[in-house]
Amino acid sequence: MIALNGVRLTFKTFPNGETLVDGGEIKGLARENNLLDFKYGNDGDLIKLMFVKKHLDEMQSKVSLLVRYMPYSRMDRTEGDSVFTLKHTASFLNGLGFEEITVVEPHSDVTTALLDRSKAEYPTSLLLARVMEETGFDASRDFLFFPDAGAQKRYSKVKGFKQLVGFKSRDFETGEIRSLELVGNIDTTEFKAIIVDDLCSYGGTFLRSAERLREAGASEVYLLVGHCEDAVFKGDMLGSGLVDKVFTTDTILDAAQGTERIRITEIGGILS
Ligand SMILES: O=P(O)(O)OC[C@H]1O[C@H](OP(=O)(O)OP(=O)(O)O)[C@H](O)[C@@H]1O
């Protein structure tokens, strides 16, 4: 999905897969300062983005970019012969020459380090208070749970709550979670937990997290993630009974049962 100044652009696809881009639609929506809102679905969307930006360049207008989910952001390091796809995706976007790039919930600082004139926004942090209120979170008893050190670092500004951290081991090649152990002092026999992280893909991290939390006495477990892919529901996250509710945004997912999906454009601070 690509929106220009708040209006979703329409694209047609030729039988051979090429895209027909409507320059008249772009021209009709263009202003002196423009915002392209980019929701990545597949690699073809990057090509569409390039066509739109190049067309706006021909009108000599200024264009900023909102990247709802940074493609390849999890490939923020390489092992063995794997290509550094995040670096090359960032290079592609830099080559398009945006005035500014805002990235929603990047997986790590590597994304913003690679992108020119970029900044990050974290809706998960902004939504935490709302999720706590809805779940009846009691700060004197309940815990936030960060599944790995990366998550703990990402949300290090969230202070004043009891926290537990996971120690996760993942097979880089297959993506399979080898183990996830819970680290921290649980000083109560019954508590609620909110798992906080940037993205849910296959859901293994969160199923394992919820298992460990339930074993430790959690009576309710909630998941708050910035990005959420459909695959998690095929993996039966909610059907497992381990997670009571998933709170996420619309950066990837359009709709799924059992989730509360909050439009990022409604979260103060992201687009201002
Ligand atoms: O739903 P899943 O398929 O389990 O994936 C979700 C997890 O994967 C990502 O971390 P990752 O393991 O890539 O963390 P790392 O970059 O710190 O290794 C993300 O931050 C979640 O913790």
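Conventions and cut-offs
Residues numbered from 1 in each chain as written. Predicted model: local features only at pLDDT ≥ 70, side-chain atom pairs only at ≥ 80, totals over all residues. Heavy atoms only, no water. Phe/Tyr/Trp six-rings, centres within 6.5 Å; stacked < 30°, edge-to-face > 60°. Buried < 20%, exposed > 50% of the residue type's maximum accessible area, 1.4 Å probe, protein only. Lys NZ or Arg CZ within 6 Å of the ring centre and 35° of its normal. Helix = DSSP H or I, 4+ residues; strand = E, 2+ residues; numbered from the N terminus. Contact = heavy atoms within 4.5 Å. Pairing = 2+ DSSP bridges. Right-handed = clockwise from strand over helix to strand, strands pointing away. Expected span 1.5 Å × (residues − 1). Arc of directions from axis to C-beta. Near = heavy atom within 4 Å. Polar contact = N/O pair within 3.5 Å; in protein donor to acceptor, adjacent residues only side chain to side chain. Areas by Shrake-Rupley, 256 points an atom, 1.4 Å probe, with all protein chains shown as cover.

Visitor: For this particular structure, what's the right way to read the packing of aromatic side chains?
Guide: Describing an aromatic ring pair means giving the distance of the ring centres and the angle of the ring planes. Using the criterion set out here, one finds five aromatic pairs in the structure. Both rings, one in Phe146 and one in Tyr155, keep their centres 6.1 Å apart while their planes meet at 15°; by these two values the pair is stacked. We classify Phe146 as buried; its relative accessible area is 1%. Overall, Tyr155 belongs to the buried group, its relative accessible area being 1%. Over the ring of Phe98 we find Lys53; its NZ or CZ atom is 5.4 Å from the centre of that ring.

Visitor: Would you mind going over the environment of Val52 with me for this structure?
Guide: Within the secondary structure, Val52 is located in helix H2 (residues 44–58). Overall, the relative accessible area of 0% leaves Val52 in the buried class. Separated by 50 residues in sequence, Val52 and Ile2 have C-alpha atoms that sit 9.0 Å apart. If we skip the residues at most four places from it in the chain, Val52 touches Leu9, Phe11, Ile26 and Leu36.

Visitor: Help me understand the pairing of strand S9 (residues 143–146) in this model?
Guide: Residues in a regular strand project their side chains so that they alternate between the two faces of the sheet. Burial of the side chains of S9 extends over both faces: Phe143 and Phe145 are buried on one face and Leu144 and Phe146 on the other. Two elements, S9 and strand S10 (residues 162–170), share four bridges in a ladder whose sense is parallel. Within S10, the position partnered with Leu144 by the bridge is Gln163. Considered for its hand, the β-α-β crossover made up of S9, helix H6 (residues 149–154) and S10 is right-handed. Sheet topology places S9 next to strand S12 (residues 191–200); three bridges connect them, and they run parallel. Looking across to S12, one finds that Phe143 is bridged to Ala193.

Visitor: When you look at helix H7 (residues 204–215) in this model, what are you seeing that I'm missing?
Guide: Owing to its 3.6 residues per turn, the α-helix aligns residues three or four sequence positions apart on the same side. Spanning twelve residues, H7 covers 17 Å between terminal C-alpha atoms, matching the ideal 16 Å at 1.5 Å per step. Every buried residue of H7 is listed here: Thr205, Phe206, Ser209, Ala210, Arg212 and Leu213. The arc that holds the buried residues of H7, viewed along the axis, is 165°, so those residues lie on one side. Packing partners of the buried residues in H7 comprise S9, S10, strand S11 (177–183), S12 and strand S13 (218–228). Positive backbone phi, approximately 115°, marks Gly217, located one or two places after H7.

Visitor: How do you make sense of the site of the ligand when you look at a structure like this?
Guide: Near the ligand you find 17 residues, and of these Arg77, Asp197, Asp198, Gly203 and Thr205 are the closest. For the ligand, an oxygen atom lies 2.7 Å from a polar atom in the side chain of His107. Considered on its own, the ligand offers 520 Å² of accessible surface; in the complex 89% of this is hidden by protein. Counting residues per element, the shell around the ligand draws most heavily on S12, at four residues.

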